[in-house]
Amino acid sequence: MGAKKDAKAQRGARKDGQAEDDAAKSDGPASGKGKPDGKKAKERGMDAFEQMELQRQRESRQRIVDRFLRLILVGFLLDALKGDADGAKDERKKKSSSKSSGSEGLSVKSLKEKANTYGGPAIMLAFIIAMLAIRAAEEGYHPADHDEHEFNYYEVMGLTKGVDQMEIRKAYKALALKYHPDKNPDCSECAEKFGKISKAYDTLSNVEARKAYDSGRRAKKSLESQSSVELGLDDFESQVLRSNEVWFVQAYDPNDGSCKSFATGWEDVAHTYGEHAHFGRLDVSKAELKSLLPFKPVLLPVVFRYARGMSVEHWMFSERMARQEESAGGGKALMNFMESNFPEFHRHSDASELKRWWSSDGPRILVVGPSSSSLAAKAKDFMPVFRMAHVWEEFFSFASADAQAMVEVLGSSFAFDRGQTWALVLRTSGGATTKEHVRNVRDMAPLIQDFISEEIPRQAPIATIRNYQQLCGDKALAQGTSKTYCLILVDSSAEEMAKALKELESSQKAYYQEVQELRNSGEDSEEPFRIQPVRVASSSSRFPWNPAAPGPSFAAIWAEASKARAFIVEMETRKYAAVKTPSLNEIFQSIAYEDLKLEDLQEDGPPLSRLFSDPETTLRREVSAFLSTSLGAICAYVLVALVVSVAPELELLQLAVPLVVLVVILMLASPTLNRKIISIFWCTLNSSRMECQRNF
């Protein structure tokens, strides 16, 4: 019995060995020569579970490829060219089986198959619709330009919004000579162009009609305001959110009874405090304007306080308040709200703290005297000084202290004489320190203004949408001068900037001396002008503490200036000139004696308001701007297709890894995106930096 069992086992082993040999031959090369395939040999060494896992990975990769090809429509083309008859038969079988099974046809498996088949075109259609929506909402679209008026009156006449009536008349005469059909009989477009110019001039030359046009509403509408500006979708962000000024904005409804009761109080306050703050109104009866506010008010009117680097505060009017104030109409309560929520600068109560602040680099403005909460001065008297400190905080450091702390830090030579209460201590960027005694705090504002006017040209700050107007268009800085020229230094290093400032100061001194000599001799001389140097980077830095990319108008204007490393721009007249000399030692003389001739920018050229960078633009807007381009749309679609193709095959934790890798790749590819993502964390740790301060 034992021998029979052994013989039977041997015969079974021989059969198994023969089967393995047959399998090896069948798996080997077709020619019968060479070694067996390495992959298959490796698979034979695996157990069943390993082979199942390997098969699962293969199927997963194939599904990713098929899904991606279908999303970009290539898969459908390949299927059409291949003409897979077996696939068609399978589809017919599935359809017949689904009909016979009735409701069983709507299984999870069939839904997945349909999603794989039609998911690509559906996602593509949704993506195209999203791109069209982004294009419609991009920055260049302003509803105010397309509603009541077919074109922008100021742009047609080549003017900015704040020009006076004389400039409007001059612009009309010049354009009439250029485009009048009688003077240009061969010009086919002149008649249409002149018609637009005439329509624009008729409106802008009439004070009432111009004011109605500027406010975006018809003349003689109810609740007209003479002391505040009407804000809208096209100018709320540029005037309020991108301003260094303090704004008080009233949300109102012209048909609301409380708003009518508050109208008198609002006008009184806006007229009284108009020199210290800016006042605007939003007609929230227009649904689209409600989205501009931090929250949608239920009861009206509501006044919001906007100030850079501070959260938005609000104040609500009530009829009871108006009855208590009798004829003030809520004005007194609004004044209290303004005075208690107006930005202030830091007060150093300790001498050691004051010493640390004073020893820091940069120009310093120290207000010496009682605090704003004392009875020595009213809160309203401090507001002009507080306003200037808030507006110029980016370039000058303001603080206050009492006389004793000042003497401990600066020495006995700065001590007050008997009867003196207030003083202003000023230190230039060069370190020169002066002290000015004043009778009261109200007299400080003119002295501070003069100090800033003299000191700011010795700096070359980075120009942005927020500060370019106060640097190159502030009429208060141009007191005693005829106009201001903006000297734009492109990609200037620290050494180049220091050299330019030194040469510019030398040229200014020589020019002002020449003007004074002409006046002393009795000869006629023009009013001197001023030049404000600013810096601009031609490309964006990846880090938020470095300059951001210039505005969309920069490339075109810089091209007209022959891409010079320095060029002059006069904001009011839209004139420019490239500075091609290696030195600025005679830049004032070159402009005064017209050796450097300024040319007009193209009338239909890019707006100067978008020449400078906007480092505060949101990440969402940057992404929307990128997606609105053809290249951006294609890149985004491919990325979406990749994510949709891969995501169903991965677990949640596995999906996080490729998403992180994708974000890193995008950050490396886009300096702007890299800058925005880093700024989120950087501004969390450095919220007091100017780059991180917002009006909202």
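The sections below set out a description of the structure shown in this document. If you're wondering where the values come from, they're calculated on a predicted model, not measured in any experiment.

## Some thoughts on the overall build of the protein chain
Next, step 1: The secondary structure content of the protein chain amounts to 27 helices and 15 strands.
Next, step 2: When the 696 residues of the protein chain are sorted by exposure, 38% land in the buried category.
Next, step 3: Expressed as a percentage of contacts within the protein chain between residues at least 6 apart in sequence, the contacts between residues at least 24 apart total 70%.
Next, step 4: Accessible surface, the protein chain: about 40,100 Å² in total, of which carbon and sulfur atoms supply 55%.

## Let's talk about the sheet that holds strand S11 (residues 484-490)
Next, step 1: Spatially, S12-S11-S13-S14-S15 is the arrangement adopted by the 5 strands of the open sheet, whose pairing is mixed. The open sheet is flanked by strand S12 (530-536) and strand S15 (599-600), the only strands paired with a single partner.
Next, step 2: Across 4 bridges, the pairing between strand S13 (residues 566-570) and strand S14 (residues 575-578) is antiparallel. Bridge assignment links Phe567 to a residue of S14, and that residue is Ala578.
Next, step 3: This element, helix H21 (residues 494-520), spans S11 and S12 of the sheet and lies at about 170° to S12.

## A few points about the pairing of strand S2 (residues 247-252)
Next, step 1: The buried count for S2 comes to 6 of 6 residues, which makes it a mostly enclosed element.
Next, step 2: Neither face of S2 is exposed, since Trp247, Val249 and Ala251 on one face and Phe248, Gln250 and Tyr252 on the opposite face are all buried.
Next, step 3: Judged from the 5 bridges that link them, S2 and strand S4 (residues 302-306) form a sheet pairing that is antiparallel. In the strand pairing of S4, Val249 is matched with Phe304.

## Some details on a nonpolar patch on the surface
Next, step 1: Together, Val298, Leu299 and Met316 make up an exposed nonpolar region whose accessible area comes to about 330 Å².
Next, step 2: You can see Val298 is positioned in the loop between helix H13 (287-290) and S4.

## What about the packing of aromatic side chains?
Next, step 1: Applying the stated criterion across every chain, the model contains 27 aromatic pairs.
Next, step 2: Between Phe345 and Phe386, the aromatic rings sit 5.1 Å apart at their centres with planes inclined by 75°, giving edge-to-face as the arrangement. Of this pair, Phe345 sits in the loop between helix H15 (331-340) and strand S6 (347-348) while Phe386 sits in helix H17 (residues 379-391); the two residues are 41 residues apart in sequence, bridging distant segments of the chain. Across the pair, exposure class does not vary: Phe345 and Phe386 are buried alike.
Next, step 3: Considering the side-chain rings of Trp392 and Phe395, the 5.9 Å spacing of their centres and the 55° angle between planes classify their relative orientation as tilted.
Next, step 4: Relative accessible area serves as the criterion here: at 1%, Trp392 is assigned to the buried category.
Next, step 5: Phe395 gets classed as buried once you look at its relative accessible area, which sits at 7%.
Next, step 6: One aromatic cluster is present, formed by Phe248, Phe262, Trp266, Phe279, Trp315, Phe317 and Phe337 through successive ring pairs.
Next, step 7: The ring of Tyr179 carries the charged tip of Lys193 above its face, separated from the ring centre by 5.5 Å.

## Some points on empty space enclosed by the protein
Empty space among the atoms can be located by rolling a probe the size of a water molecule over them.
Next, step 1: Summed over all chains, the structure comprises 1 cavity of 30 Å³ or more.
Next, step 2: For the largest cavity, the calculated volume is near 30 Å³.
Next, step 3: For the lining of the largest cavity, the class distribution of residues is 7 nonpolar, 1 polar and 1 charged.

## Some words on the pattern of salt bridges
When charged atoms on two side chains of opposite charge get close, those side chains can pair.
Next, step 1: With the rule as written, the count across this model stands at 14 salt bridges.
Next, step 2: Overlapping salt bridges bring together Glu455, Arg458, Glu505 and Lys509 as one network.

## With respect to the packing of helix H8 (residues 165-179) against helix H9 (residues 190-204)
If you want to describe how two helices pack, look at the angle between their axes and the distance between the axes.
Next, step 1: Where H8 meets H9, the axes come as close as 10 Å, and the angle between the chain directions of the two elements is 165°. In terms of orientation, H8 lies roughly antiparallel with respect to H9. For the pair H8 and H9, the sense of crossing is left-handed. Seen from H8, the contacting residues are Gln165, Ile168, Arg169, Tyr172, Leu175, Ala176 and Tyr179; seen from H9, they are Cys190, Lys193, Phe194, Ile197, Ser198, Tyr201 and Leu204.
Next, step 2: The residue inventory of the contact of H8 with H9, partitioned by class, reads 10 nonpolar, 2 polar and 2 charged.

## Observations concerning the state of the cysteines
Next, step 1: Across all of its chains, the model carries 1 disulfide by this definition.
Next, step 2: Here Cys472 connects covalently by a disulfide to Cys486, the sulfurs 2.2 Å from one another. One quick way to see it: the torsion about the S-S bond of Cys472 and Cys486 is about 40°, and its sign makes the bridge right-handed. You can see Cys472 sitting in helix H20 (residues 468-472) and its partner Cys486 sitting in strand S11, a full 14 residues away along the chain. The exposure classification of Cys472 matches that of Cys486, with both residues buried.

## Considerations on the side chain of Arg466
Next, step 1: For Arg466, the position within the fold is in the loop between helix H19 (444-455) and H20.
Next, step 2: When its relative accessible area of 7% is taken as the criterion, Arg466 is described as buried.
Next, step 3: A distance of 2.6 Å separates a polar side-chain atom of Arg466 from the backbone oxygen of Ser243.

## Comments concerning a negative patch on the surface
Next, step 1: A cluster of acidic residues, Glu526, Glu586, Glu594 and Asp595, forms a negative patch on the protein surface.
Next, step 2: Checked against the element boundaries, Glu526 lands in the loop between H21 and S12.

## Digging into the sheet that holds S2
Next, step 1: Across the sheet, which stays open at both edges, the 5 strands sit in the order S1-S3-S2-S4-S5 with mixed pairing between neighbours. Strands at the two margins of the open sheet, each flanked by one partner only, are strand S1 (229-230) and strand S5 (313-316).
Next, step 2: Bridging between S1 and strand S3 (residues 278-283) involves 2 bridges; their strand directions are parallel. Bridge pairing in S3 links Val229 to Gly280.
Next, step 3: In the packing of H15 onto the sheet, the strands contacted are S2, S3, S4 and S5, and the crossing angle to S5 comes to about 165°.

## Side note on the pairing of S5
Within a regular strand, the side chains alternate between the two sheet faces.
Next, step 1: Looking at chain direction, S4 and S5 are connected through 4 bridges and run antiparallel. If you follow Phe304 over to S5, its bridge partner there is His314.

## A look at the environment of Ser198
Next, step 1: When you line up the elements, Ser198 lands in helix H9.
Next, step 2: Separated by 23 residues in sequence, Ser198 and Leu175 place their C-alpha atoms 9.6 Å apart.

## Here's the deal with H17
Next, step 1: Taking 1.5 Å as the rise per residue, H17 with 13 residues should run 18 Å; its terminal C-alpha atoms sit 18 Å apart, in good agreement.
Next, step 2: When the local axis directions of H17 are compared, the greatest deviation, roughly 30°, occurs at Val385.
Next, step 3: Within H17, 11 of the 13 residues are buried, which leaves it mostly tucked inside the rest of the structure.
Next, step 4: Of the residues making up H17, those classed as buried are Asp381, Phe382, Met383, Pro384, Val385, Phe386, Arg387, Met388, Ala389, His390 and Val391.
Next, step 5: Close packing links the buried residues of H17 with H15, strand S7 (364-368), strand S8 (397-401), strand S9 (422-427), H19 and H20.

## Some remarks on the packing of helix H12 (residues 257-272) against H15
Next, step 1: Two numbers describe how H12 lies on H15: the axes approach to 8 Å, and their chain directions differ by 45°. Comparing the axis directions of H12 and H15 gives the class oblique. Crossing angle aside, the handedness with which H12 passes H15 is right-handed. For the pair H12 and H15, the contacting residues are Phe262, Gly265, Trp266 and Val269 in the first and Gly331, Leu334, Met335 and Met338 in the second.
Next, step 2: In terms of residue class, the contact of H12 with H15 is built from 6 nonpolar, 2 polar and no charged.

The rules we used
- Residues numbered from 1 in each chain as written.
- Predicted model: local features only at pLDDT ≥ 70, side-chain atom pairs only at ≥ 80, totals over all residues.
- Heavy atoms only, no water.
- Helix = DSSP H or I, 4+ residues; strand = E, 2+ residues; numbered from the N terminus.
- Buried < 20%, exposed > 50% of the residue type's maximum accessible area, 1.4 Å probe, protein only.
- Contact = heavy atoms within 4.5 Å.
- Areas by Shrake-Rupley, 256 points an atom, 1.4 Å probe, with all protein chains shown as cover.
- Pairing = 2+ DSSP bridges.
- Axes fitted to C-alpha atoms, helices over the stretch in contact; angles between N-to-C directions.
- Patch = residues over 30% accessible without salt bridge, like charges linked within 9 Å, V, L, I, M, F, W, Y side chains within 5 Å.
- Salt bridge = Lys/Arg side-chain N within 4 Å of Asp/Glu carboxyl O.
- Phe/Tyr/Trp six-rings, centres within 6.5 Å; stacked < 30°, edge-to-face > 60°.
- Lys NZ or Arg CZ within 6 Å of the ring centre and 35° of its normal.
- 1 Å grid on protein atoms, 1.4 Å probe; cavity = no way out; pocket = protein on both sides within 12 Å on 5 of 7 lines; lining within 4 Å.
- Points joined across faces, edges and corners; volume = space filled by probe spheres on them.
- Nonpolar A, V, L, I, M, F, W, Y, C, P; charged D, E, K, R; others polar.
- Parallel < 35°, antiparallel > 145°, perpendicular 65-115°, else oblique.
- Left-handed = near helix turned anticlockwise from the far one by under 90°.
- Disulfide = S-S within 2.5 Å.
- Polar contact = N/O pair within 3.5 Å; in protein donor to acceptor, adjacent residues only side chain to side chain.
- Lys, Arg positive; Asp, Glu negative; His and termini not counted.
- Charge placed at Lys NZ, Arg CZ, Asp CG, Glu CD.
- Expected span 1.5 Å × (residues − 1).
- Bend = angle between axes of the 7 residues up to and from the residue.

Treat this as a map of the structure, not an account of what it does.
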